[in-house]
Amino acid sequence: MLEISDYRLGEQLGRSTISNWRIAETHLVDHFIRVGFPVRIESRHEVGQLLDTMQEKRFERFMTELGGLTTAEADSLTDALVSSVKFQMAHLPRRNPCVPFSTMISSLTLYKKIVGFKPDVQSVLEVGPGCGYLSFFLADHRTLTDYSQVEACESFYLLQSMVNSYLFRHEFRDLAVTAPADRTLHIHRDLEQPVVLADEQIPVYRCFHYPWWTLGKLHEAIGRYDVVTSNANLNEFTRNALYEYLTIFSRVMKNDGIFLIQCTGFPAHGSTEDLMEVLHKFGFASLFCGMADENVRSNMLVSGRYRSLGFHKKRFALNNLVLVKKGHPYYEANIGLKNYAHGHASEFPRLSHIFEGGIEESRARGSRRAYSIDETLKSVKQKLLQESGNTDGGWLSRAAG
Ligand SMILES: C[S@@+](CC[C@H](N)C(=O)[O-])C[C@H]1O[C@@H](n2cnc3c(N)ncnc32)[C@H](O)[C@@H]1O
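Rules of the game
- Residues numbered from 1 in each chain as written.
- Predicted model: local features only at pLDDT ≥ 70, side-chain atom pairs only at ≥ 80, totals over all residues.
- Axes fitted to C-alpha atoms, helices over the stretch in contact; angles between N-to-C directions.
- Helix = DSSP H or I, 4+ residues; strand = E, 2+ residues; numbered from the N terminus.
- Parallel < 35°, antiparallel > 145°, perpendicular 65-115°, else oblique.
- Left-handed = near helix turned anticlockwise from the far one by under 90°.
- Contact = placed C-beta atoms within 7 Å.
- Nonpolar A, V, L, I, M, F, W, Y, C, P; charged D, E, K, R; others polar.
- Near = placed C-beta within 6 Å.
- Buried ≥ 20, exposed ≤ 12 C-beta atoms within 10 Å, placed from the backbone.
- Pairing = 2+ DSSP bridges.
- Expected span 1.5 Å × (residues − 1).

Draft legend 1. Focus on the packing of helix 5 (residues 71-91) against helix 6 (residues 101-117). Taken N-terminus to C-terminus, the directions of helix 5 and helix 6 make an angle of 130°; their axes are 10 Å apart at the nearest point. As summarised for this structure, helix 5 and helix 6 are arranged oblique, according to the angle between their axes. Of the two possible hands of crossing, helix 5 and helix 6 adopt the one that is right-handed. Contact residues: helix 5 offers E73, S76, L77, A80, L81 and S84, while helix 6 offers M104, I105 and L108. Residues of the contact of helix 5 with helix 6, tallied by class, amount to six nonpolar, two polar and one charged.

See below:
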């Protein structure tokens, strides 16, 4: 498990070897610093303040966007929340665990979009995962061989690292850890040496965690990812960080991969329109653009395809985009700034799977229904009680009362 000192030492070594101070300045989380967010922490326990943040009060909005949940999806949300409670019990024993509804449903929504695009997804790159709860869904995804996260904020980095160690266990590789020392001690012939396995003798990793000073390694991962995703942050990155990530994405996405955006982020470094221009200038074509319900005005025109897919009835919790790079079969037909406007939907067949219908349509089909926080909490408590096998005392049984 990563120690804060590992992160700091790695960062210090990174700073002492970069060729130009601007590389570090690019990845300053200045927007967080300005609002007093705890970017640096002195103890791992301090991540307890961050367990349900960045998506506050959005549970119902995501529920509406999804058109409610199927029974299987509701079970999956409950399981992820139960797992999060168990994670907290194991790693944050100083506090009573919380049930992070809003952040977890945002990750479920993102996960559904990823597997809607490609059910047998193998590789996902996520920049700025915040709490890092996409891992609760991807860790159990059978076909996944590479989930890579990038983070530049120390406190979030630590939380993500703890969550990944808990969920991916030995399959998690943290790149913030510096290289191991020479492991052999040559002092006495009879001294029994520990048997140390070489890299190729241990099982392969499935989850990788990149701090900002290791981004050079990502630049080399050409054509590796089915999906790259960066949410609620594109407009919060410094402009140089945005340019660096867009450069990386256009290199590391597979030709038939997608760049999925579930929220364009607080406009800390430019407006949403500016961001759309930057995305276009970096050579991405928009296959879909659906703005958050609150940004949609009645006079906004939507394309025939958007309407025929039923998206005009959908109420998106946040701004959503699906982008592709040159080489994708739908690139040529969709390149152009005009496609970065609300209501654009290309002919790309997977769109209807990425974004399923709105709540009215789903009610009509009868396969989904809205779940409340109270109902979900009840299922979480029940499951925890069943698993603990302890109904006669302690905080679990008190909480279920
Ligand atoms: C507003 S939060 C959103 C978190 C999460 N994606 C979500 O949708 O809930 C922004 C995220 O981007 C990260 N971030 C900001 N600047 C970054 C940079 N230069 N490199 C990597 N991550 C960065 C933040 O630390 C945080 O994890």
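Draft legend 2. Quick peek at the site of the ligand. Near the ligand, the surroundings consist of 22 residues, among which G128, G130, A152, C153 and N233 are the closest. Among the residues making up the shell around the ligand, the classes are represented as 13 nonpolar, seven polar and two charged.

Draft legend 3. Structural context of unusual backbone geometry. Backbone geometry at R169 places phi at a positive 45°, although glycine is not the residue there. Judged by the 11 C-beta atoms lying within 10 Å of it, R169 is exposed. Positioned with a positive phi, A232 is a non-glycine residue whose angle comes to about 55°. Counting through the fold element by element, A232 comes out in the loop between strand 5 (225-230) and helix 10 (239-252). Residue classification places A232 among the partly exposed residues on the basis of 19 C-beta atoms within 10 Å.

Draft legend 4. Just the sheet that holds strand 4 (residues 207-211), in detail. Reading across from one edge, 3-4-2-1-5-6-8-7-9 is the order of the nine strands in this open sheet, with mixed pairing throughout. Here the strands that pair on one side only, and so sit at the sheet edges, are strand 3 (172-174) and strand 9 (344-345).

Draft legend 5. Just the packing of helix 5 against helix 8 (residues 154-168), in detail. Taken N-terminus to C-terminus, the directions of helix 5 and helix 8 make an angle of 110°; their axes are 11 Å apart at the nearest point. Here helix 8 runs roughly perpendicular to helix 5, going by the angle between their axes. Taken together, the residues of helix 8 that come into contact with helix 5 (itself represented by F87, A90 and H91) are M162, V163 and Y166. Across the contact of helix 5 with helix 8, the residue classes break down as five nonpolar, one polar and no charged.

Draft legend 6. Expanded view of helix 6. Between the first and last C-alpha of helix 6 there are 24 Å, a value that for 17 residues agrees with the 24 Å anticipated at 1.5 Å per step. By the criterion of burial, helix 6 is predominantly enclosed, with 14 of the 17 residues buried.

Draft legend 7. Representation of the pairing of strand 1 (residues 123-127) within the structure. Extensive coverage of strand 1 is indicated by the burial of five of its five residues. Residue alternation in strand 1 divides its side chains into two sets, S123, L125 and V127 and V124 and E126, and both sets are buried. Sheet analysis places strand 1 next to strand 5, joined by four bridges and oriented parallel. What sits directly across from V127, in strand 5, is S230.

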